[in-house]
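Each chain, letter by letter, is given below.
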Amino acid sequence: MSAIPDMIGFAVMTVSDSRDAKTDKTGPWLREQIAAEGHAVIDHAIVADDIGAIQNRLQAWIADPAIHAVIATGGTGLTGRDVTPEAFKPLYDKEMDGFSAVYHQVSFRSVGVSTIQSRATAGIAGGTYLFAIPGSMGGCKDVWNHILKDEFDRTHRPCNLVDLIPRLTER
């Protein structure tokens, strides 16, 4: 069994047909938060709302042993162009149903019943955590500040996602 990594490697994806490096707010904000917690941002990208494009980028990151987790913002809503969950779910080895449940509890405190408009999802593929979260700044802050920041803190108890990394590919 491999060891728990000293530093968690992240990749951040902004899924959007309309945002670019100048107008993307959530991707840079997440990268700042990740670095502030002592983790590494290995890569980041802005990817069009296209299942194939999203999956191609995800597969490259899943294959990179330096990347332990991917956070994608955007494309989790209900409109026709929102395809991030459809891109993510076929790649999952295991879905993390609890993530969506906890996200909606946290989100409900922020936006009330409007949380039903999000299809935030998470899973594990090839030993890499994958998180698809809303592209709104409020949704990003809810996920990072109230869920992922703690789960990627190896001192968080009773348990955390870091401690599981060496065992994610067990058979």
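Residues numbered from 1 in each chain as written. Predicted model: local features only at pLDDT ≥ 70, side-chain atom pairs only at ≥ 80, totals over all residues. Heavy atoms only, no water.

Novice: Help me out: how do you make sense of the overall build of the chain in this one?
Specialist: Looking only at helices and strands, one finds five helices and six strands in the chain. Secondary structure elements of the chain, listed N to C terminal, follow the sequence β-α-β-α-β-α-β-α-β-β-α. Relative to the globule expectation of 16 Å for 171 residues, the C-alpha radius of gyration of the chain, 15 Å, shows essentially globular dimensions. Across its three principal axes, the chain shows a C-alpha extent of roughly 45 × 35 × 30 Å. When each of the 171 residues of the chain is scored for burial, the buried share is 47%. Here the analysis covers contacts within the chain between residues at least 6 apart in sequence; of these, 74% occur between residues at least 24 apart. Just so you have it, the chain exposes about 8400 Å², and 52% of that area is on carbon and sulfur atoms. (Helix = DSSP H or I, 4+ residues; strand = E, 2+ residues; numbered from the N terminus. Rg over C-alpha atoms; globule rule 2.2 N^0.38 Å. Buried < 20%, exposed > 50% of the residue type's maximum accessible area, 1.4 Å probe, protein only. Contact = heavy atoms within 4.5 Å. Areas by Shrake-Rupley, 256 points an atom, 1.4 Å probe, with all protein chains shown as cover.)

Novice: Just to check I follow, could you spell out the pairing of strand S2 (residues 40–47) for this structure?
Specialist: Where a strand is regular, its side chains alternate between the two sheet faces. Bridge analysis of strand S1 (residues 9–15) against S2 gives seven bridges, and the strand direction is parallel. Considered in S2, the bridge of valine 12 is made with histidine 44. Between the parallel elements S1 and S2, the chain passes through helix H1 (residues 26–36) in a crossover that is right-handed. (Pairing = 2+ DSSP bridges. Right-handed = clockwise from strand over helix to strand, strands pointing away.)

Novice: How should the environment of threonine 79 be read in this particular structure?
Specialist: Here threonine 79 lies in the loop between strand S3 (69–73) and helix H3 (84–88). Once the C-alpha coordinates of threonine 79 and alanine 63 are considered, the two residues, 16 residues apart in sequence, prove to be 30 Å apart.

Novice: Explain the pattern of salt bridges here, please?
Specialist: Taken as a whole and judged by the stated rule, the model has seven salt bridges. Between arginine 119 and glutamate 86 there is a salt bridge, with the nearest N and O atoms lying 2.6 Å from each other. Here glutamate 86 lies in helix H3 and arginine 119 lies in the loop between helix H4 (97–111) and strand S5 (121–125), a separation of 33 residues in the sequence. Under the relative-accessibility criterion, glutamate 86 is labelled partly exposed at 36%. Linking arginine 157 and aspartate 163 is a salt bridge whose minimum nitrogen-to-oxygen distance equals 3.2 Å. (Salt bridge = Lys/Arg side-chain N within 4 Å of Asp/Glu carboxyl O.)

Novice: What am I meant to see in the nonpolar core here?
Specialist: In summary, soluble globular proteins display a tendency toward joint burial of nonpolar side chains. With 28 residues, the main nonpolar core has Ile71, Phe99, Tyr129, Phe131, Leu148 and Phe152 as its most contacted residues. For this core, the elements supplying multiple residues, two or more each, are S1, H1, S3, H4, S5, strand S6 (128–133) and helix H5 (137–151). Ignoring any residue separated from it by four or fewer positions in sequence, one finds isoleucine 71 in contact with Phe10, Ala11, Val12, Met13, Leu30, Ile34, Phe131, Ile133, Trp144 and Leu148. Counting 20 residues, the second largest nonpolar core, distinct from the first, contains Ala45, Ile67, Val70 and Ala72. (Core = buried A, V, L, I, M, F, W, Y, C linked by side-chain atoms within 4.5 Å.)

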